[in-house]
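Observations on the model geometry
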Amino acid sequence: AKDLNGVDRVMAYYHGKWNSQSCDGATECTKTFTFSESVPGVYFYYGYVYGRKADGSLEGKYTTPSFVKVVILSPTPTPTPYPTPLPTFPIPSPTPTPSLLPDLIVQDIYYDEPYIRVRYCNIGSGTSTSDFLIKLKNNKTGEEYEGNPYYRFKVPQPGKCEVTGGYTPSLIGLKYGQFALVTAIIDWENRVVESNENNNTLTKTIGSLSLKDMSEQLASLEAVIKQLKEALQELLGR
């Protein structure tokens, strides 16, 4: 089976039951099912594959061909007036079992001299062989660093957290310790199929205000207060 978004599982229908083998999201997957028959007759084994859509949800379809026909002969062949009929088609489609998927989050962003570091966790119930990058953004200037594609991160085990190597602050236009609002986005390329794709971002203020920063903040606040006073005076003068 092949699926660019990842093969979830391969299934075979045998004696009224779907048998399943996981593919762990691999783009190509080959599995072998071994069944035995002791009673002469004609048997049909159906195949089914679950892949992934671009949004990570499951999609399934029968294999091509959809079934394999197996004939078991008795030791002493006897005339068989009618062959075993083909099961009514379609047979029940397998019900997908919930996959154990990871759930990546950014837990913290902080200075650790002379770098910026990011603490990230897997709060899901599964893991993945896919790797990912973590993007940093300076919210004031818009400067971004998408991560080094040659040093990708691995998905932690369920319930575990890891800390990145150091990001040089200048990559997003900062100096070490500088007061800034920073956003970290984990798996921004969407390479990892997760149980929740909507919690991959953390925005946090890091660093301390310098006297210059405090002056700028105060000036901004005074400007806002002035605008509010002018608006109030205009309203009262009507």
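Residues numbered from 1 in each chain as written. Predicted model: local features only at pLDDT ≥ 70, side-chain atom pairs only at ≥ 80, totals over all residues. Heavy atoms only, no water.

1. A word on the overall build of the protein
Helix and strand content of the protein: one helix and 13 strands. Ordering the α and β elements of the protein from the N terminus gives β-β-β-β-β-β-β-β-β-β-β-β-β-α. Within the protein, the fraction of its 238 residues that count as buried is 31%. Taking the intrachain contacts of the protein between residues at least 6 apart in sequence as the baseline, contacts between residues at least 24 apart amount to 63%. (Helix = DSSP H or I, 4+ residues; strand = E, 2+ residues; numbered from the N terminus. Buried < 20%, exposed > 50% of the residue type's maximum accessible area, 1.4 Å probe, protein only. Contact = heavy atoms within 4.5 Å.)

2. Some points on a nonpolar patch on the surface
Residues Leu218, Leu221 and Ile225 make up a contiguous nonpolar surface patch of roughly 270 Å² in combined accessible area. Along the chain, isoleucine 225 turns up in helix H1 (residues 211-237). (Patch = residues over 30% accessible without salt bridge, like charges linked within 9 Å, V, L, I, M, F, W, Y side chains within 5 Å. Areas by Shrake-Rupley, 256 points an atom, 1.4 Å probe, with all protein chains shown as cover. Salt bridge = Lys/Arg side-chain N within 4 Å of Asp/Glu carboxyl O.)

3. Section: the pattern of salt bridges
Per the counting criterion, the structure on display carries seven salt bridges. With its nearest N and O atoms 2.5 Å apart, the salt bridge here joins lysine 204 to aspartate 108. Of this pair, lysine 204 sits in strand S13 (residues 201-206) while aspartate 108 sits in strand S5 (residues 104-112); the two residues are 96 residues apart in sequence, bridging distant segments of the chain. Among the residues examined, aspartate 108 registers a relative accessible area of 23% and is labelled partly exposed. The partner of arginine 152 in a salt bridge is glutamate 189, and the shortest N-O contact between them spans 2.8 Å. Placement of the pair is arginine 152 in the loop between strand S9 (144-145) and strand S10 (153-154) and glutamate 189 in the loop between strand S12 (180-186) and S13, with a sequence separation of 37 residues.

4. Examining the pairing of S12
By the criterion of burial, S12 is predominantly enclosed, with five of the seven residues buried. Taken together, the five bridges between strand S8 (residues 134-138) and S12 define a ladder with antiparallel strand orientation. Opposite lysine 135, over in S12, you have isoleucine 185 as the bridge partner. When S12 meets S13, the two strands line up antiparallel, connected through six bridges. The residue bridging valine 182 from the neighbouring strand is lysine 204, located in S13. (Pairing = 2+ DSSP bridges.)

5. Focus on the environment of lysine 2
Within the secondary structure, lysine 2 sits in strand S1 (residues 2-14). Once residues within four sequence positions are removed from consideration, lysine 2 is found in contact with Val7, Thr27 and Glu28.

6. Considerations on the layout of surface pockets
Put simply, the largest pocket is a space of about 660 Å³. Lining the largest pocket are 30 residues; nearest its centre among them are Asp24, Gly25, Leu101, Ser128 and Val193. For the lining of the largest pocket, the secondary structure elements donating two or more residues are S1 and strand S2 (17-28). The element that contributes the greatest number of residues to the lining of the largest pocket is S1, accounting for six residues. Across the lining of the largest pocket, the residue classes tally to nine nonpolar, 13 polar and eight charged. Considering only enclosed or pocket space, the second largest pocket measures out at about 380 Å³ in volume. (1 Å grid on protein atoms, 1.4 Å probe; cavity = no way out; pocket = protein on both sides within 12 Å on 5 of 7 lines; lining within 4 Å. Points joined across faces, edges and corners; volume = space filled by probe spheres on them. Nonpolar A, V, L, I, M, F, W, Y, C, P; charged D, E, K, R; others polar.)

7. Considering the sheet that holds S1
An order of S2-S1-S3-S4 is seen for the four strands of this open sheet, with the pairing classed as antiparallel. Only two strands of the sheet have a single neighbouring strand rather than two, namely S2 and strand S4 (58-72). Between one strand axis and the next, the sheet turns by 20° as a mean value, whatever way the strands run. Pairing analysis gives six bridges linking S1 to strand S3 (residues 41-52), with the strands arranged antiparallel. Looking at S3, one finds that valine 10 is bridged to valine 49. (Axes fitted to C-alpha atoms, helices over the stretch in contact; angles between N-to-C directions.)

8. Quick word on the sheet that holds strand S6 (residues 115-122)
Read from one edge to the other, the open sheet built from three strands follows the order S5-S6-S11, with strand pairing classed as antiparallel. If you trace the sheet from one side to the other, it starts and ends with S5 and strand S11 (161-163), each paired once. Within this sheet the neighbouring strands show an average axis-to-axis angle of 20°, counted without direction. Strand direction decides the pairing type here: S6 and S11, joined by three bridges, are antiparallel. Counted as the bridge partner of cysteine 121 is cysteine 161 from S11.

9. Notes on the packing of aromatic side chains
Two descriptors summarise a pair of aromatic rings, namely the distance from one centre to the other and the angle between the planes of the rings. Applying the stated criterion to the full structure yields 15 aromatic pairs. An aromatic cluster of at least three residues, connected via ring pairs, comprises Tyr13, Trp18, Tyr46, Tyr48, Tyr50 and Tyr62. Directly above the aromatic system of tryptophan 188 lies the positively charged group of lysine 135, at a separation of 4.6 Å from the ring centroid. (Phe/Tyr/Trp six-rings, centres within 6.5 Å; stacked < 30°, edge-to-face > 60°. Lys NZ or Arg CZ within 6 Å of the ring centre and 35° of its normal.)

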